Amino acid sequence: MSGPDADLGTRSDTSRAVAFSDAIFAIIITLLVLDLRVPDVPPGRLLSGLLEQWPSYAAYLASYSYVAVVWLNHKAAFNRIQQVDRGLHWMNLFVLFSTALLPFPTAVVSDALQEHNNADQRVAVAFYALIGALLCATWLAFYHYLAKNPDLLKDQAKGGFFPVERFRALAGVVLYVLAGLVGYLVAPLIGLTIFVLLPVFYAVTSAGLYQSPVARRITHSPPPRP
């Protein structure tokens, strides 16, 4: 028999979930930088050694940007959440789980690109795309849960925000899969370029798909004169 106290002990405010998540994001970003190393080169070749490590810099840029955007999205989401229940805690843990995987494919891509083996590079880019798609899929589940449980949201956030955000997460799944296929079947560097560019889209829309400056300009522009 369920009653008004059925959720007693399963709901709380967002403070502990946000603090825990911020700590995880800080650890992930710290782990990313560990892949940047001083090159092991003879005296007089430090500059060329640093330049030869450009894949490490590109992979770090892509992953750091991705984690930064995840944090911005996380902040934007929790600013609209009033209470957290057990289900939302699990959704949040899934997002953190997939985000915490990013240092691994980042290191794999960096090493493969520096080894100049085309087959390994293709596999590495496809692997990175798989983790990126997984992360977007966990966001899709997170947004879907909130869309189906509006009682967890602040009053001003109840409406179409989280249902619309599901499209944004789904677009990420599709785009990362596409980047992985292009990187594996065509050229690894094209896939890597897409990895660097994708966080730009998510950064611009971190406050919401239709709340970015560009989207607001379009939706609030006056109709053309007859």
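Residues numbered from 1 in each chain as written. Predicted model: local features only at pLDDT ≥ 70, side-chain atom pairs only at ≥ 80, totals over all residues. Heavy atoms only, no water.

A. Structural view of the overall build of the protein. Broken down by element type, the protein carries 9 helices and 0 strands. Order of helices (α) and strands (β) in the protein, N terminus to C terminus: α-α-α-α-α-α-α-α-α. In the protein, the share of contacts with a sequence separation of at least 24, taken over all contacts with a separation of at least 6, comes to 78%. Of the roughly 12,600 Å² of accessible surface on the protein, a fraction of 67% belongs to carbon and sulfur atoms. (Helix = DSSP H or I, 4+ residues; strand = E, 2+ residues; numbered from the N terminus. Contact = heavy atoms within 4.5 Å. Areas by Shrake-Rupley, 256 points an atom, 1.4 Å probe, with all protein chains shown as cover.)

B. Representation of the layout of surface pockets. Put simply, the largest pocket is a space of about 230 Å³. Lining of the largest pocket is provided by 13 residues; of these, Gly49, Glu52, Gln53, Gln114 and Glu115 occupy positions nearest its centre. If you list the elements that add at least two residues to the lining of the largest pocket, you get helix 2 (46-52) and helix 5 (103-115). Looking at the lining of the largest pocket, the element that brings in the most residues is helix 5, giving 3 residues. When grouped by side-chain class, the residues that make up the lining of the largest pocket number 4 nonpolar, 4 polar and 5 charged. (1 Å grid on protein atoms, 1.4 Å probe; cavity = no way out; pocket = protein on both sides within 12 Å on 5 of 7 lines; lining within 4 Å. Points joined across faces, edges and corners; volume = space filled by probe spheres on them. Nonpolar A, V, L, I, M, F, W, Y, C, P; charged D, E, K, R; others polar.)

C. Region of the structure containing empty space enclosed by the protein. Evaluated as defined, the whole model comprises 1 cavity of 30 Å³ or more. Taken together, Tyr66, Val69, Val70, Asn73, Cys136, Trp139, Tyr143, Arg168, Ala169 and Tyr202 make up the full set of residues lining the largest cavity. Of all the secondary structure elements, the ones that give two or more residues to the lining of the largest cavity are helix 3 (54-78), helix 6 (118-148) and helix 7 (161-185). Top contributing element to the lining of the largest cavity by residue count: helix 3, with 4 residues. By residue class, the composition of the lining of the largest cavity is 8 nonpolar, 1 polar and 1 charged.

D. Quick peek at the packing of aromatic side chains. Here the structure, examined in full by the defined rule, presents 12 aromatic pairs. With centroids separated by 5.7 Å and ring planes inclined at 40 degrees, the aromatic side chains of tyrosine 60 and tyrosine 64 adopt a geometry described as tilted. Taken as a pair, tyrosine 60 and tyrosine 64 lie in helix 3 at a separation of 4 residues, close to a single helical turn. For tyrosine 60, a relative accessible area of 22% puts it in the partly exposed group. An aromatic cluster of three or more residues is present, and its members are Phe78, Trp139, Phe142, Tyr143, Phe161 and Phe162. (Phe/Tyr/Trp six-rings, centres within 6.5 Å; stacked < 30°, edge-to-face > 60°. Buried < 20%, exposed > 50% of the residue type's maximum accessible area, 1.4 Å probe, protein only.)

E. Structural view of the pattern of salt bridges. Evaluation of the coordinates by the stated rule reveals 3 salt bridges. The closest approach of N and O atoms between arginine 45 and glutamate 52, which form a salt bridge, is 3.5 Å. Residue classification places glutamate 52 among the partly exposed positions, given a relative accessible area of 49%. Close ionic contact of glutamate 165 with arginine 168 constitutes a salt bridge, the shortest N to O distance being 2.7 Å. Taken as a pair, glutamate 165 and arginine 168 lie in helix 7 at a separation of 3 residues, close to a single helical turn. (Salt bridge = Lys/Arg side-chain N within 4 Å of Asp/Glu carboxyl O.)

F. Representation of the packing of helix 3 against helix 4 (residues 86-100) in the model. It is the contact of helix 3 with helix 4, at a shortest axis distance of 11 Å, that shows an interaxial angle of 170 degrees. In terms of their interaxial angle, helix 3 and helix 4 are classed as roughly antiparallel. Within the contact between the two elements, helix 3 uses Val67, Val70, His74 and Phe78 and helix 4 uses Asn92, Val95 and Thr99. Here the residues of the contact of helix 3 with helix 4 sort into 4 nonpolar, 3 polar and no charged. (Axes fitted to C-alpha atoms, helices over the stretch in contact; angles between N-to-C directions. Parallel < 35°, antiparallel > 145°, perpendicular 65-115°, else oblique.)

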